[in-house]
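Here is how the chains run, residue by residue.
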Amino acid sequence: MTTTRTTTTGTTTATARTVLISGASVAGPALAYWLRRHGFAPTVVERAEAVREGGYAVDFRGEALDVLDRMGLLERIRELDTEMGDAAMVDAEGCQYATLPAVIFAGDLEVLKGDLTRMLYEATRDDVEYVFGDSIASLTEDEHGVEVTFERGTPRRFDLVVGADGLHSRTRALAFGPEEQFVRHLGIYTAIFSLDNYLGLENTGRLYAAPGKAANIFTARANTEARAAFHLAAEHLEYDRHDRVGQQRIIAERFADDGWEIPRLLHEMAQAPDFFFDANAQVEMDSWSRGRVVLLGDAGYCAGPTSGRGTSQALIGAYVLAGELAASGGDHTTAFAAYEREMRGYVSEHQSVGREGAERFFMPAPTQEILDMLAAQAPENTRTTPIRLRDYAAPALHEPAAGAAVMGGA
Ligand SMILES: Cc1cc2nc3c(=O)[nH]c(=O)nc-3n(C[C@H](O)[C@H](O)[C@H](O)COP(=O)(O)OP(=O)(O)OC[C@H]3O[C@@H](n4cnc5c(N)ncnc54)[C@H](O)[C@@H]3O)c2cc1C
């Protein structure tokens, strides 16, 4: 376990709160950022040994860009834009039969998820305590706080605990119950990995589809690398989540007879430096909080990759949750209810988009005419109802918050 950096010390008041956040991807560091600005003392625990690098590309839509702007990060994130261009849709012989306009699949701005995580981590690491290589093991709540034990570190006590630990959230399992109660599979499994840009593509991708399966390759990091993905339709697959070879075998068997670049991609997958495999799924919960524990981002309301809204939800959820905690003077019962009131409609709409996207995922490829029509209407036709972002009046970092003081490490 490595601990990096402890918070600045200062005066303590009744409104100050120690908050343990599980997960240092998008939602966790974004929440830590806003909590610090509001005068809380967040600690982030992340199971991985370090910030996760690379990964697939995620896009931002609408008000998420406003949140990044309020964090002073918009210009930096624009510098990380993948600048993805239109992509070619190819058949089994590699012949292009349509062009998919980038405006349809890359949102308002697209970056590699690892770049986003690193940027959020770097924006917070001087003011927030990060604990890498550990995980919450148990939560015991009483009237005044939560006793937390860890898999590796010594037990600690916090005022509040936030689960920002993704689709398979440990925090959710401990506080709310087993995953099967809340996770709804969307009928698609996806594998993603990094590889050389061996096709020599320039700011573009190639997409291949066959009944019940699809694959693609896109450039990354100014065309010096690429990311490839395999998708397959399946209701339920039995596999060990920690067995990479077993997961790759599932993909290899399904794509064994496919043409185009599939044999090469299967070969690249077997030796890739990274590998992600999971079901596309949503998280549906009647309530996102229980006592002093609250869920944020995918852990509480994953909309699924087919929604293209998960990153935006994580960023906006973090902004709203921290803001409501500040607005309520640290009264978590009031704050958690307000957080849910502000976010519910926004999330429900995205979850509908995610389900519709999953239903269309393996449909026969649309004609160029339809694609061009969709592109002409974008981005308007990909917009959902905007969320009204309250102004929670957070002082800038390194300025003491009015009415809420800064505490030392929890
Ligand atoms: C293939 C794919 C494509 C996607 N494309 C897009 C897109 O184009 N646009 C978009 O907006 N969204 C997209 N998403 C969704 C987006 O990635 C997520 O919605 C977003 O990352 C959610 O952020 P999060 O911080 O809530 O959770 P996550 O990013 O899942 O992070 C959870 C973190 O918690 C950590 N963790 C897990 N368990 C523990 C534990 N026990 N203890 C401590 N830490 C733990 C993990 O290591 C991780 O760092 C895509 C998702 C996938 C899978």
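Residues numbered from 1 in each chain as written. Predicted model: local features only at pLDDT ≥ 70, side-chain atom pairs only at ≥ 80, totals over all residues. Heavy atoms only, no water.

Turning to the sheet that holds strand β5 (residues 87-90), a few remarks are in order. Taken in spatial order, the seven strands make up an open sheet running β6-β5-β14-β15-β16-β13-β17, and their pairing is mixed. The open sheet terminates on both sides in strands that have one partner only, identified here as β6 (96-100) and β17 (276-283). Pairs of neighbouring strands in the sheet enclose a mean axial angle of 25°, with direction left out of account. Alignment of β5 against strand β14 (residues 205-210), held across three bridges, turns out to be parallel. Within β14, the position partnered with Val90 by the bridge is Tyr208. (Pairing = 2+ DSSP bridges. Helix = DSSP H or I, 4+ residues; strand = E, 2+ residues; numbered from the N terminus. Axes fitted to C-alpha atoms, helices over the stretch in contact; angles between N-to-C directions.)

Within the secondary structure, Tyr319 is located in helix α10 (residues 310-327). Non-local contacts of Tyr319, meaning those with residues more than four positions away in its chain, are made with Trp34, Val67, Arg70, Leu389, Arg390, Asp391 and Tyr392. A polar contact of 2.6 Å, which involves the side chain of Tyr319, links it to the side chain of Arg70. Among the polar contacts listed, one links the side chain of Tyr319 to the backbone oxygen of Arg390, at a separation of 2.5 Å. (Contact = heavy atoms within 4.5 Å. Polar contact = N/O pair within 3.5 Å; in protein donor to acceptor, adjacent residues only side chain to side chain.)

Turning our eyes to something else, we now look at the packing of helix α2 (residues 63-70) against α10. Direction vectors running N to C along α2 and α10 enclose 50°, while the axes themselves pass 9 Å from each other. By the angle between their directions, the pair α2 and α10 is classed as oblique. Note on packing geometry: the crossing formed by α2 with α10 is left-handed. The residues of α10 that touch α2, namely those facing Glu63, Ala64, Val67, Leu68 and Arg70, are Ser312, Leu315, Ile316 and Tyr319. For the contact of α2 with α10, the class distribution of residues is six nonpolar, one polar and two charged. (Parallel < 35°, antiparallel > 145°, perpendicular 65-115°, else oblique. Left-handed = near helix turned anticlockwise from the far one by under 90°. Nonpolar A, V, L, I, M, F, W, Y, C, P; charged D, E, K, R; others polar.)

Moving on, we come to the sheet that holds strand β9 (residues 136-141). The three strands are arranged β9-β10-β11 in an open sheet whose pairing can be described as antiparallel. Bordering the open sheet on either side are β9 and β11 (156-158), each of which pairs with just one other strand. Going across the sheet, the axis of each strand differs from the next one's by a mean of 30°, ignoring polarity. In this structure, β9 lies alongside strand β10 (residues 146-150), joined through five bridges in antiparallel fashion. Opposite Leu139, over in β10, you have Val148 as the bridge partner.

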